[in-house]
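Residues per chain are reported as follows:
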Amino acid sequence: MLRVRDLAVGYGAEPVIEGVNLEVASGKFVSLVGPSGSGKTSILRAVSGLLTPRSGGIELNGSRESLGFLFQDDALLPWRTARENVALGLRIRKLPTKAAESEADAWLARLGLGGFGERFPHELSGGQRKRVAIAQILALKPKLLLMDEPFASLDAIVRTRITQELLNWVEREHLSVLLVTHDLEEALTVSDTVYLLSQGPRARILASYNVAIPRPRDIFASRKHPNFAPLLERLWNDMSGAMNGAEFEAQR
Amino acid sequence: MNRYLENVAVRRVLAMVLLASAWEVLSRIGVINPFYAPAPSEILRVVFSLFIEGTIYNHLEATFVAALAGLVIGLALGIFLGFAAALVPLVADVLEPIMLLLNAIPRVILAPLFVIWLGIEISSKIALAVVLVAVLIFFAVYNGIKDVNQLFVDRVRTLGGGRLVLLREVYVPSVTAWVLGSLKVAVGFAFTGACVGEFVAATRGLGYLLQFAQSTYNAALTMGLIFLIMGFVLVLFFCAEVVERWLLRWRYRGTDRRVT
Ligand SMILES: Nc1ncnc2c1ncn2[C@@H]1O[C@H](COP(=O)(O)OP(=O)(O)O)[C@@H](O)[C@H]1O
Ligand SMILES: [Mg+2]
């Protein structure tokens, strides 16, 4: 579905990431974890076309139209109602306004927001706004979902619930996912593969981990699977090793 | 009584009534010289007679037409130039220094120049109002576009939107919010332009009348006109507020029924 080859991305003189290789096979859930500021967001922005890579290749199975990008912030247009926000992507794809808005209503209902279509973003709670943002993306029927710490700002209960719902949807529709998160447990509960990015600058992929836990998954049951704890410990050690090394280097 | 006093509006009206009464009394017993500060009743009488005799309407029309024409043209020009400068770097290079200069000087000093160029009729007043408003709105639009939230731009782009969609969905609404933030000031500026223009050289208008009152040392008429202009500007402020609340209803609506 997606293959990133030898990717380098940067803003100033020094590249933020360099020589990054990763792959999201069709229907697979892949997570990218790493220290904050290592360049996870930059990788997603390069994949989505918001950022031009310094070098390297991004091979997508299909066009960028098949990408859905869920930002860390919900990024809903404040001057548009929930319905109009969801309909926006459909209208951009040339669906007539009427049809786009009734389709938007159907998606809002599917996400448990039936009857909230008339509300402006500031009239919704954080969790509700996040659901609108998810509806906005799913309405475009993406094949590959890019998610950048999408639930970091939500409280624990809402976060767990929305994560499980999205996981169910992804499994049922066989979507491919590239999820960026700093939460190692979250990464392991939902993913087939987890990539660990090193501390930047010139961050690269340190290791990848296969998560052998059967699907469909329940995020509570997954944590109790015998494969979970050893994998978490390994990932935890590798990640803190990567960060300590960087701190050590910075002190020298 | 105490309960009423807790209301800000009640307190304000009460304070104004008290002030006017004190003024009236002091003026009648001769503490204040009515030549400089005539009693409020006298000012009211002069203003009413202006309306009853009908002399005021011609002047009102002149000032209102100049101010509103200046406001509309100034808004249109400011918005157009602001967008042009923000979207075309070459236009920005040419316009920015001119606008910065015009912004730095008190623009009313251009009034005599407009009289020389355009004569003492209404067009010189409109021109002054236009310059006052357009420079203000230019910066509102120009800064508004440069300050657009990049998150919304990225969002629309990843949904597949091109330049036109970005303009319609992100830039125009953001800029509208900025322009509306300056709308009240713009209304005030439009009136300033019209009145100052009339003050400098005119045959009619509130500014002209004011100039006449001042040259004949008619303090009652002068103060009456000042209060009259204040009143009209306040009414227009109210209208501007209504327009602002309607166009920015996405910001104001339902602030009391937020759900969590
Ligand atoms: N627009 C930008 N301009 C300059 N530097 C940036 C920009 N965006 C990110 N960076 C820098 O790139 C590095 C990686 O950022 P980012 O990809 O956001 O990391 P992460 O998502 O892993 O926290 C950081 O050091 C950050 O300061
Ligand atoms: Mg990030």
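Cut-offs used in this document
Residues numbered from 1 in each chain as written. Chains lettered and ligands numbered in written order. Predicted model: local features only at pLDDT ≥ 70, side-chain atom pairs only at ≥ 80, totals over all residues. Heavy atoms only, no water. Helix = DSSP H or I, 4+ residues; strand = E, 2+ residues; numbered from the N terminus. Contact = heavy atoms within 4.5 Å. Buried area = accessible area lost by both parts, 1.4 Å probe. Salt bridge = Lys/Arg side-chain N within 4 Å of Asp/Glu carboxyl O. Polar contact = N/O pair within 3.5 Å; in protein donor to acceptor, adjacent residues only side chain to side chain. Buried < 20%, exposed > 50% of the residue type's maximum accessible area, 1.4 Å probe, protein only. Pairing = 2+ DSSP bridges. Patch = residues over 30% accessible without salt bridge, like charges linked within 9 Å, V, L, I, M, F, W, Y side chains within 5 Å. Areas by Shrake-Rupley, 256 points an atom, 1.4 Å probe, with all protein chains shown as cover. Axes fitted to C-alpha atoms, helices over the stretch in contact; angles between N-to-C directions. Parallel < 35°, antiparallel > 145°, perpendicular 65-115°, else oblique. Left-handed = near helix turned anticlockwise from the far one by under 90°. Nonpolar A, V, L, I, M, F, W, Y, C, P; charged D, E, K, R; others polar.

### Observations regarding unusual backbone geometry
All names here are of chain A. With omega at -5 degrees, the peptide bond leading from Arg215 into Pro216 counts as cis. With respect to the helices and strands, Pro216 occurs in the loop between strand S9 (205-210) and helix H7 (219-224). For Ala75, which is not a glycine, the phi torsion comes out positive at approximately 55 degrees. Along the polypeptide, Ala75 turns up in the loop between strand S5 (67-70) and helix H2 (82-92).

### Some thoughts on the interface of chain B and chain A
With 26 residues of chain B at the contact, the number on the chain A side is 29 residues. Summed over both partners, the interface of chain B with chain A comes to about 2,500 Å²; 60% of that surface belongs to carbon and sulfur atoms. Looking at the side of chain B facing chain A, the largest losses of area belong to Arg155, Leu159 and Trp250 of chain B, adding up to 30% of the total buried there. At the surface where chain B touches chain A, the tally comes to three salt bridges. The residue Asp154 of chain B makes a salt bridge to Arg45 of chain A at a minimum N-O spacing of 2.9 Å. Remark: the boundary between chain B and chain A carries six residue pairs in polar contact (both at pLDDT 80 or more). Elements supplying a minimum of two residues to the side of chain B that touches chain A: helix H8 (150-158), helix H9 (163-181) and helix H13 (249-252) of chain B. When residues of the side of chain B that touches chain A are assigned to their parent elements, the largest contribution, seven residues, is made by H8 of chain B.

### Structural notes on the pairing of S5 of chain A
Residue and element names in this part refer to chain A. Across the two faces of S5 the burial is the same, with Leu67 and Phe69 and Gly68 and Leu70 all buried. Pairing of S5 with strand S6 (residues 144-148) involves four bridges; the strand directions are parallel. Across the sheet, the residue bridging to Leu70 is Met147, located in S6.

### A look at a nonpolar patch on the surface
Residue and element names in this part refer to chain B. A cluster of nonpolar residues, Val25, Leu26, Ile29 and Val31, forms a patch on the protein surface that exposes about 370 Å² of accessible area. Inspection of the secondary structure assignment puts Val25 in helix H2 (residues 8-28). Take Val25: its relative accessible area is 47%, and that puts it in the partly exposed class.

### Structural notes on the packing of helix H4 (residues 55-87) of chain B against helix H5 (residues 89-104) of chain B
All names here are of chain B. The interhelical angle for the contact between H4 and H5, taken along N-to-C directions, is 125 degrees, at an axis separation of 6 Å. The angle between the axes of H4 and H5 places the two elements in the oblique class. Of the two possible hands of crossing, H4 and H5 adopt the one that is left-handed. On the side of H4, the interface is formed by Leu81, Ala84, Ala85 and Leu87, while H5 contributes Pro89, Val91, Ala92, Leu95 and Met99. The class makeup of the residues in the contact of H4 with H5 is nine nonpolar, no polar and no charged.

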